[in-house]
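Results of the structural survey
Letter by letter, the chains look like this.
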Amino acid sequence: MHDFEGCVAVVTGGGGGAGRALAHACAADGMRVVVADIDGDAGEAVAAAIREGGGEAIAVQTDVADRASLDALAERTRAAFGAERSGLVLFENAGVMRNTPLVEATSEDWEWILAVNLWGAIHSVQAFLPLLREQDGPAQIVLTSSMSGLVGRQNRNGIYTAAKHAVVGYSNVLRGELEPEGIGVSCWCPSAMETQIRNAVRARQARYGGPDAAYAAPRIDAPPPEAFIPRLLQGARENRRFIFTHPHAREVLQEHYDGMFADYDAGDRTAEEIG
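Residues numbered from 1 in each chain as written. Predicted model: local features only at pLDDT ≥ 70, side-chain atom pairs only at ≥ 80, totals over all residues. Heavy atoms only, no water.

**Some remarks on the pairing of strand β1 (residues 8-12)**
Applicable threshold: Working definition: with a 1.4 Å probe on protein chains only, accessible area under 20% of the residue-type maximum means buried, over 50% means exposed, and in between means partly exposed. Secondary structure follows DSSP: runs of H or I at least 4 residues long count as helices, runs of E at least 2 residues long count as strands, and numbering of each begins at the N terminus. By this definition, two strands are paired if DSSP reports at least two bridges between them. Looking down the strands as they point away from you, a crossover is right-handed if its path from the first strand over the helix to the second goes clockwise.
Here β1 lies mainly inside the structure; five of its five residues are buried. The side-chain alternation of β1 yields two buried faces, one formed by V8, V10 and T12 and the other by A9 and V11. Here β1 pairs with strand β2 (residues 32-37) via five bridges, running parallel. By the bridge assignment for β2, A9 is matched with V33. Considered for its hand, the β-α-β crossover made up of β1, helix α1 (residues 17-28) and β2 is right-handed.

**A word on helix α3 (residues 67-80)**
Cut-off, in case you're wondering: Multiplying 1.5 Å by the helix residue count minus one yields the expected span of that helix. Any pair of residues with heavy atoms lying within 4.5 Å of one another is described as a contacting pair. N or O atoms within 3.5 Å of each other form a polar contact, as long as, within protein, one can give a hydrogen and the other can take it, and as long as residues adjacent in sequence are counted only when both atoms are side-chain atoms.
In a regular helix each residue adds 1.5 Å, so 14 residues correspond to 20 Å; α3 covers 20 Å between its end C-alpha atoms and thus fits that length. Summarising the contacts, the buried residues of α3 are in contact with β1, β2, β3 (57-61) and α5 (119-134). N-capping of α3 is provided by D66, with a side-chain oxygen placed 3.1 Å from the backbone N of A68.

**Section: the sheet that holds strand β4 (residues 88-92)**
Worth spelling out the cut-off: A fitted line through C-alpha atoms represents every axis, and for helices the fit uses only the stretch in contact; the resulting angles, taken between N-to-C directions, go from 0 to 180 degrees.
One open sheet accounts for seven strands, arranged β3-β2-β1-β4-β5-β6-β7; its pairing is parallel. One side of each edge strand has no neighbouring strand; the edge strands of this open sheet are β3 and β7 (242-243). Sheet strands in contact with α3 are β1, β2 and β3, and its direction is about 160° off that of β3.

**Structural notes on the nonpolar core**
Inside soluble globular proteins, nonpolar side chains tend to come together where they are buried. Counted only if it meets this: Side-chain atoms within 4.5 Å are what join buried Ala, Val, Leu, Ile, Met, Phe, Trp, Tyr and Cys residues into a set we call a nonpolar core.
Ranked by size, the top nonpolar core spans 43 residues in total, and within it V10, V34, L73, W112, F128 and I141 carry the most contacts. It is α5 that provides the largest number of residues to this core, a total of eight residues. Residues A23, V46, A59 and F228 belong to the second largest nonpolar core, which totals 29 residues.

**Re helix α2 (residues 40-52)**
Residues separated by three or four positions in an α-helix point in the same direction, a consequence of the helix having 3.6 residues per turn. Helix length check: α2, at 13 residues, gives a terminal C-alpha distance of 18 Å against a target of 18 Å (1.5 Å per residue), a fit within 8%. Among all positions in α2, only G43, V46, A47, A48 and I50 are buried. In this fold, the buried residues of α2 make contact with α1, β2 and β3. Of the residues flanking the start of α2, the one acting as N-cap is D39, its side-chain oxygen 3.2 Å from the backbone nitrogen of D41. One or two residues past the end of α2 sits G54, with phi positive at roughly 100°.

**Considerations on the state of the cysteines**
Applicable threshold: We call a pair of cysteine sulfur atoms a disulfide whenever their separation is within 2.5 Å.
Scanning the model with the defined rule gives zero disulfides in all. Note on C7: no disulfide assigned, nearest cysteine sulfur contributed by C26 at a separation of 9.9 Å. Owing to a relative accessible area of 1%, C7 belongs among the buried residues under this scheme. For C187, which is in no disulfide, the shortest distance to another cysteine sulfur is to C189 and amounts to 4.0 Å. We classify C187 as buried; its relative accessible area is 0%.

**Quick word on unusual backbone geometry**
Most peptide bonds are trans, and most residues other than glycine sit at a negative phi. In this structure, N239 takes a positive phi of about 55° despite not being glycine. Its place among the elements puts N239 in the loop between α7 (229-237) and β7. For N239, a relative accessible area of 24% puts it in the partly exposed group.

Right under this line is the structure:
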């Protein structure tokens, strides 16, 4: 199991919600924190609060949908902390969603949500892999998927579900590829939390249509992310393939895979009956 004290934690989407809670938890765990967020002011507020509490943190305005922006983040991380090579944990956490049925989704909806949720993960890994390979201490990647990345449901968030399924597949293959190098890869699959992801259109980039002030996000009643972040950090220390932090969601996952194996059994019967 890894000891992350003294490591550098890079948290994308660190300016709010689960990312903000994670950045503070990493600092409390003795890590030096790079807070990356598309909202530069929000990221700086988190970094400033960490510094005021006695921790080390910098903020870097970052658009995870833009590879050049991730490359710049990696270089800032290297310049600020990377020379010590004491360990690096990349928490790829930035995410967006929009409550839109698949049959009504526009090409802009698809491009935006895939760009942040899927390409954001890919860009982050590509940008930070050279630095991860240089570490003498722990080297860990934690990609944020969702329970929606494991279970397909009619939930008006079909694009998000498709993107998060892709993150699960990407994470699993990447884990096998990087394991011989001593770089761990974990996939966090949380359930509902009280965050601002449902209002992500407030910061939607201009190239994907810009902010939508008229959009009204659905309200949910869910615990704050702080309730789950200690479980996330423990899963990362243990280099778990999947990190599950919401025990109550197990029933949904079990039902989904029971249904899948029922279909597999049906396929076996068909093979026996018709060859």
